[in-house]
Amino acid sequence: MNYPTQPKASHFINGAYVEDTSGTPIKVIYPATGAVIATVHAATPAIVEQVITSARAAQRAWAALPGTERGRILRRAADMMRARNHDLSVLETHDTGKPYQETSVADAASGADALEYFGGLAATLTGEHIQLGEDWAYTRREALGLCVGIGAWNYPTQIACWKGAPALACGNAMIFKPSETTPLCALKVAEILHEAGLPAGLYNVVQGMGEVGGALVSDPRVDKVSLTGSVPTGRKVYAAAAEGIKHVTMELGGKSPLLIFDDADLENAVSGAILGNFYSSGQVCSNGTRVFVHKGIKEAFLTRLSERLEQAVIGDPMDPATSFGPMVSERQMEIVQSYITKGIEEGARLVTGGARLDRGGFFLQPTVFADVTDDMTIAREEIFGPVMAVLDFDSEDEVMARANATEFGLAAGVFTSDLTRAHRVAAGFEAGTCFINSYNDAPVEVPFGGAKLSGVGRENAKQAIEHYSQLKSVYVRMGDLEAPF
Ligand code: NAD
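Residues numbered from 1 in each chain as written. Predicted model: local features only at pLDDT ≥ 70, side-chain atom pairs only at ≥ 80, totals over all residues. Heavy atoms only, no water.

Identification of the protein chain as Betaine-aldehyde dehydrogenase from Ruegeria spongiae is taken from an unreviewed UniProt entry. Regarding the protein chain, the relevant UniProt record gives this comment under Sequence similarities (unreviewed entry): "Belongs to the aldehyde dehydrogenase family." (UniProt positions renumbered as here; feature names shortened; annotations may be inferred.)

Take a look at the structure:
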């Protein structure tokens, strides 16, 4: 690693690192060992004031630049992220505990994709001309102003870019508050954007817990809030934003269904279930954690799944051979352990896993429960860890009703070789993102977001532009204007 895990300072404001040690210390813990690898300080009210003032001051000039110029900077930043992929991946692994095998292909890489994609779109953002007889009108696509991004801890680089890239492409300024559990990666995103030529003040990072997020969301000078987090936090942030009638994007939790029909390719279905439950140690919002398996193939599925799980390489996340790492924190590990206990108490059959590994850090075994019923806690609540619940089903109608019987609606998947069934099922899912014979793909070209309690708005794709810009209509009269008196 070419740089230490301790950042130069806690915050990145107005193009420079800024420290204020009077803020509450936040210890950054490497999940693989439990060692403290950095300390940052939560933003004080003075830091919050400084970041809001400087971001607002910088935004107008940025919005006035041609889109091509804004986009060029973002695309340069994308190239720099790719060139530094190794170091950024090592940092991501230390921030989150996710194996380098994952971070080296998934995190800075998808952040770079977002910067490149929205960098490319920046020059295409236009309004339209509307002819009205002799008169006419036109629309201008304008920035919202100052956007606040608040991140979860599972994909700190990706979330910082997924929010920052479209915000900047549209001419906004962004203040990003990472999760207090993973405060390091977003600082590197800010550094790279500024090295790529982003003017000072436009992409800022401030640290802190919910209190700092709350201070940003409720400030009247903030125009938009984009949160990635849990439903309870979403409710609070949405309500606070509503006070100021602010724009919002909410990327929240899920308990997504994955349907495996008896005509599915079993090996692919097992791969989908593994990707949708154990990638990033199961800490993925869109995971298909309710795996509904057609009764006839249940035992064959469980046998093959257990065999494949034995091939998981659990260990030092920095070893490129490691394919399964620790939970992000001791707290998250304990939450997941309590769900495993509940699963056993409520009568689910523990097929494999269930235990903490006898080593330092916060390692849990990949865990599979079978004979899970719809009313069990592990089938209803988001666990956010490596715990798969396998449920049986008989018919398509029955499983569709059960799959949709949840307050969440982030994602859903189906494995089948029946073409018409695949599309019928996808149409029937109450979810924002669906997968046919695949799971958890999230390319930047495709809109991503939730239905029901899982969220509002969409990230990625052209649709994200709608959530970081607004239209102004301008009416133009060509002749004299008559009035009644
Ligand atoms: P969390 O809700 O505890 O925290 C998310 C962020 O909100 C953190 O930065 C936190 O400091 C901040 N926050 C907390 N209270 C706040 C308040 N009152 N005002 C403003 N900010 C506040 O979530 P987490 O534990 O960090 O992440 C896990 C959750 O995130 C899971 O539910 C997961 O499904 C969800 N998630 C969703 C997506 C998605 O795209 N839909 C992606 C990743 C994670």
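After that view of the structure, there is still more to cover.
Okay, the site of the ligand next. Around the ligand, the structure places 28 residues, and the nearest of them are Gly151, Glu180, Ser230, Thr233 and Glu382. A distance of 2.9 Å separates an oxygen atom of the ligand from a polar side-chain atom of Lys177. Within the backbone of Gly214, an N or O atom sits 3.5 Å from a nitrogen atom of the ligand. Surface burial for the ligand is 86%, taken as the share of its 840 Å² of free accessible area covered by protein chains. Of all the secondary structure elements, the ones that give two or more residues to the shell around the ligand are helix 8 (210–218), strand 10 (224–228) and helix 9 (231–243). (Near = heavy atom within 4 Å. Polar contact = N/O pair within 3.5 Å; in protein donor to acceptor, adjacent residues only side chain to side chain. Areas by Shrake-Rupley, 256 points an atom, 1.4 Å probe, with all protein chains shown as cover. Helix = DSSP H or I, 4+ residues; strand = E, 2+ residues; numbered from the N terminus.)

Pairing between side chains of opposite charge can happen when their charged atoms approach one another. Under the defined criterion, the tally for this structure stands at 28 salt bridges. One salt bridge connects Arg82 with Asp113, and the closest N-O pair in it is separated by 2.8 Å. Pair noted here: Arg82 is in helix 2 (residues 67–83) and Asp113 is in helix 5 (residues 108–121), with a separation of 31 residues, a long-range link. Arg82 sits in the partly exposed class, given a relative accessible area of 35%. Notably, a salt bridge pairs Arg82 with Glu116, separated by 2.8 Å at the nearest N-O pair. With Arg82 in helix 2 and Glu116 in helix 5, the pair connects residues that are 34 residues apart, well separated along the chain. Salt bridges here are not isolated pairs; linked through shared partners, they connect Lys298, Glu299, Arg349, Asp371 and Asp392. (Salt bridge = Lys/Arg side-chain N within 4 Å of Asp/Glu carboxyl O. Buried < 20%, exposed > 50% of the residue type's maximum accessible area, 1.4 Å probe, protein only.)

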